[in-house]
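# A closer look at the structure
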Amino acid sequence: MKRSTTYGNKKNGKKKYIWICVSVLIILAAAIMVFMYWKQNNLNIQHSEPSPTEVVEDENAKSDDTSKTEEMNPPANEETTDINGQQEKVDEFQEQPEKQPITNNGYIEGQPLPTEPTYVDGVLIANKKYPLPSTFAPGESKEARKAFEQMAADARNAGFELVAFSTYRSYEYQDTLYHNYVNRDGQENADRYSARPGYSEHQTGLAFDIGEKGKEDLWLTEEFGETEAGKWLVENANKYGFILRYPRGKEAITGYMYESWHFRYLGVDLASKVKQANVTLEEYLGIQ
């Protein structure tokens, strides 16, 4: 009996030892798993939250990449597509207003009126880029009036009675006239056929609006240019020193729609050269 008891005790002790080992192994394995999980999680946190140095380096890298991209593909400063697929104009002048001013219907916005009139090759200029002083008031040119009267006399011999129904206009009168047109048709439309105060060629005293007596309904219309009087005028005006100032198809250059009635006095020599070249005054003088 004593031998049997001793054997049983040894057997039970061995089993207990095995369970202890197994328990230790299980605990150790669990501890290793917890440690590995903690370590992996800590690494993820480090990767998701870069250090301030890494942020600076990353921003510098992005900046370098952007610079390289801009060098390879410089901005066109023309048009860009918005999220609706529509085209909107990119206004490069907002960043560099000193290099190229904003224009509107040919005008340079914000341009102050000068203190002296502009002459190019001895020719007095008044257009949307070169305004006149508000105080410039020469009145109607006597030379231009004399030339018109000679032209009108020759036109009568040809069967046409020409009338200069609008010549010199003061700054103040042009201001009233222009704003009346703006109130009636809106500024965008008015800018196509009427000059802003200070920009009108009529203020030079050298511009003559011409029509035919008895056909007043065609004054200030394109149809005047289709009449026999209008055709005669275009063909012969240079012989008296006048040119058709705003011809058809030249709006992008002159800034104004075709005006069959608006003639500018330049003198016979220059008027003939401009007509022979078949260009506008801006093109002839190289100021378009």
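Residues numbered from 1 in each chain as written. Predicted model: local features only at pLDDT ≥ 70, side-chain atom pairs only at ≥ 80, totals over all residues. Heavy atoms only, no water.

The name given to the chain in an unreviewed UniProt entry is D-alanyl-D-alanine carboxypeptidase, with the source organism recorded as Ureibacillus sinduriensis BLB-1 = JCM 15800.

### Digging into helix α8 (residues 268-277)
We apply this condition: Three exposure classes are used, based on accessible area relative to the maximum for each residue type with a 1.4 Å probe and protein chains only: buried under 20%, partly exposed in between, and exposed over 50%. The way it works is that DSSP assigns letters per residue, a run of H or I at least four long becomes a helix, a run of E at least two long becomes a strand, and they are numbered from the N terminus. What the arc covers is the set of directions going from the helix axis to the C-beta atoms. By definition in these notes, contact holds between two residues if any of their heavy atoms fall within 4.5 Å.
Within α8, the full set of buried residues consists of L270, A271 and V274. All buried residues of α8 lie within an arc of 100° about the axis, which places them on one face of the element. Exposed side chains of α8 directed beyond 90 degrees from the buried face belong to D269 and Q276. The elements touched by buried residues of α8 are β6 (123-125), β9 (242-246) and α9 (281-285). At the C-terminal side of α8, N278 shows a positive phi close to 55°.

### What to know about the packing of aromatic side chains
Rule in force here: By convention, a stacked pair of Phe, Tyr or Trp rings (six-membered ring in the case of Trp) has centres within 6.5 Å and planes under 30 degrees apart, an edge-to-face pair has planes over 60 apart, and any other such pair is tilted.
Counting across every chain of the model gives 8 aromatic pairs. When the centroid spacing of 4.9 Å and the interplanar angle of 90° are considered together, the rings of Y107 and Y199 count as edge-to-face. Here the residue Y107 occupies a position in strand β4 (residues 107-108), and Y199 occupies one in the loop between α5 (187-193) and β8 (207-212), the gap between them amounting to 92 residues. Taken as a pair, Y107 and Y199 share a single burial class, namely buried. Centroid distance F165 to W219: 4.6 Å. Interplanar angle 5°. Geometry classified as stacked.

### Brief notes about the environment of L233
Within the fold, L233 resides in helix α6 (residues 228-236). Here the alpha-carbon distance between L233 and F160, two residues 73 residues apart in the chain, equals 9.6 Å. If we ignore the near neighbours within four places in the chain, the residues touching L233 are M151, L162, I210, F224 and F263.

### Side note on the sheet that holds strand β7 (residues 162-166)
Hydrogen bonds between backbone atoms are what pair the strands of a sheet, whose relative direction is either parallel or antiparallel. Selection rule: Any two strands between which DSSP finds at least two bridges are classified as paired. Convention adopted: a line fitted to C-alpha atoms gives each axis, helices being fitted over their contacting stretch, and angles between N-to-C directions are expressed from 0 to 180 degrees.
Spatially, 4 strands are ordered β7-β8-β10-β9 in an open sheet, and the strand pairing comes out antiparallel. Looking at the sheet topology across the chains shown, the edges are occupied by β7 and β9. With direction set aside, neighbouring strand axes in the sheet form an average angle of 45°. Across the sheet, helix α3 (residues 142-157) is in contact with β7, β8, β9 and β10 (259-265); its angle to β7 comes to roughly 145°. Taken strand by strand, α6 contacts β7, β8, β9 and β10, and its axis lies near 85° from that of β7.

### Some words on unusual backbone geometry
A positive phi angle, close to 55°, is found at D121, a residue other than glycine. Although it is not a glycine, N278 adopts a positive phi angle of roughly 55°. Structurally, N278 can be placed in the loop between α8 and α9. Since its relative accessible area comes to 64%, N278 is described here as exposed.

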